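# Report on the structure
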Amino acid sequence: MSHQVAVIRRTLRHPSFRMAAVDMAGTSLGIAAWGLVTGVAMVKSGMSVGMAVFMSLLVYAGSAQLAVIPLLSVGAPLWVIWLTASCVNLRFVIFSSMWRCYFAHLPLRQRLAVGYFSGDVIYVAFMKRFPDPRPQPEQVPYFWGAATSNWLAWQVPSIAGILLANAVPLSWGLGFAGVLALLGVLLSLLFDRATWLATGVAATAAIAAFALPLKLNILVALAAAVAAGLLMEAVDRRRHKPELMLVPANSILPPDEREHVEAGDVVPLREERHP
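Because the structure is predicted, anything quoted here is derived from the model rather than measured.

Tallying secondary structure elements over the protein chain gives 13 helices and two strands in all. For the protein chain, the proportion of its 275 residues judged to be buried stands at 33%. Partitioning the intrachain contacts of the protein chain with sequence separation of at least 6 by distance along the chain shows that 70% fall at a separation of at least 24. Here the protein chain displays about 16,600 Å² of accessible surface, and carbon together with sulfur accounts for 69% of that area.

A few words now on the packing of aromatic side chains. Scanning the entire structure with this criterion turns up 19 aromatic pairs. Note on Y116 and F117: the rings are 4.7 Å apart at their centroids and 85° apart in plane angle, and the pair reads as edge-to-face.

With that settled, the discussion passes to the side chain of T11. Looking at the element boundaries, T11 is found in helix α1 (residues 2-13). Contacts of T11, omitting those with residues within four sequence positions, involve F17, P141 and W144.

Counting residues in hydrophobic clusters, the biggest one holds 24 residues, and the most contacted among them are W99, F103, I122, F126 and F143. Listed by contribution, the elements that provide at least two residues to this core are α2 (15-44), α6 (91-103), α8 (120-129) and α9 (139-163). Apart from the residues lying within four places of it in its own chain, the contact partners of I122 are M24, W99, F117, F143, A146, A147 and N150. M42, V80, I162 and A165 belong to the second-largest nonpolar core, a separate cluster that totals 15 residues.

To continue, consider helix α11 (residues 193-208). Turn by turn, an α-helix covers 3.6 residues, leaving residues three or four places apart pointing in a common direction. For α11, with 16 residues, the first-to-last C-alpha span of 23 Å sits near the 22 Å given by 1.5 Å per residue. For α11, the complete set of buried residues consists of A198, A202 and A205. Down the axis of α11, the smallest arc covering the buried residues is 70°, so these residues share one side. Exposed residues on α11 whose side chains face more than 90 degrees from its buried face are R193, T204, I207 and A208.

Attention now goes to unusual backbone geometry. Residues apart from glycine generally show negative phi values, whereas peptide bonds are mostly found in trans. Look at Y60: it is not a glycine, yet its phi comes out positive at around 50°. In this structure, Y60 sits in the loop between α3 (49-59) and α4 (62-73). Accessibility expressed as a relative area gives 10% for Y60, which makes it buried.

Turning to the packing of helix α7 (residues 108-117) against α9, a few remarks are in order. Contact pair α7 / α9: the axes reach a minimum separation of 10 Å and the direction vectors enclose 45°. When the axes of α7 and α9 are compared, the pair comes out oblique. In this structure, α7 meets α9 at a crossing whose hand is left-handed. For the pair α7 and α9, contact is made by A113, V114, Y116 and F117 and by F143, W144, A147, W151 and Q155, respectively.

Cut-offs used in this document
Residues numbered from 1 in each chain as written. Predicted model: local features only at pLDDT ≥ 70, side-chain atom pairs only at ≥ 80, totals over all residues. Heavy atoms only, no water. Helix = DSSP H or I, 4+ residues; strand = E, 2+ residues; numbered from the N terminus. Buried < 20%, exposed > 50% of the residue type's maximum accessible area, 1.4 Å probe, protein only. Contact = heavy atoms within 4.5 Å. Areas by Shrake-Rupley, 256 points an atom, 1.4 Å probe, with all protein chains shown as cover. Phe/Tyr/Trp six-rings, centres within 6.5 Å; stacked < 30°, edge-to-face > 60°. Core = buried A, V, L, I, M, F, W, Y, C linked by side-chain atoms within 4.5 Å. Expected span 1.5 Å × (residues − 1). Arc of directions from axis to C-beta. Axes fitted to C-alpha atoms, helices over the stretch in contact; angles between N-to-C directions. Parallel < 35°, antiparallel > 145°, perpendicular 65-115°, else oblique. Left-handed = near helix turned anticlockwise from the far one by under 90°.

Okay, structure coming up:
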């Protein structure tokens, strides 16, 4: 126990922990507004205060919570609710494959904690700071600095919204405020051509399928965005032609060249030594 306390203290005092908190400050306001609206929406949809708090702490996935709340309120089938939440959170499969490059060396308990606390904004901030996918000592403190800021920015307003939901009139227009908060968070996540394309396709598909019952236009939008992302990735791979590299016989590749080989940028051709 004393060892774990010492590790936590070192992490909290690490400069990268404070750096992450500063990086997350810009989006914390949007996350807080999003959490407040989600907390109010859960109670307004008929969920009890205790269950709403439990859901906020256990699920900790704002987009999934907002996606399933309308389905819960209209009594949608359980399979539709589960499928919607699963589709909304499919992006975390991609995130986890990237986290593996940085945190695969950690014990299982710590990796499970990383999985729970990870989020879209944390992922973007982390990748901007550490674009090279290999472990570095300051990455773990940075992640926990970002995760702590994001968790508090979400949970405190969300639970406040749950507890004060009955005192908040619908005339305040919190739904529109929640949309604005989501747009602010969304814009911070659009950093390359692929994300812009997927977002545009998702928006178009959601509007085109708006008339579907049980909010199934959300599933249509998600499927369209995933298909667009996979298509763009396939096109980029076809355009990318790896280089050939002649490797002397019985030699060992340096770490930097080995990374290019593993990434598919280089195809090694080893010389053969004949007697």
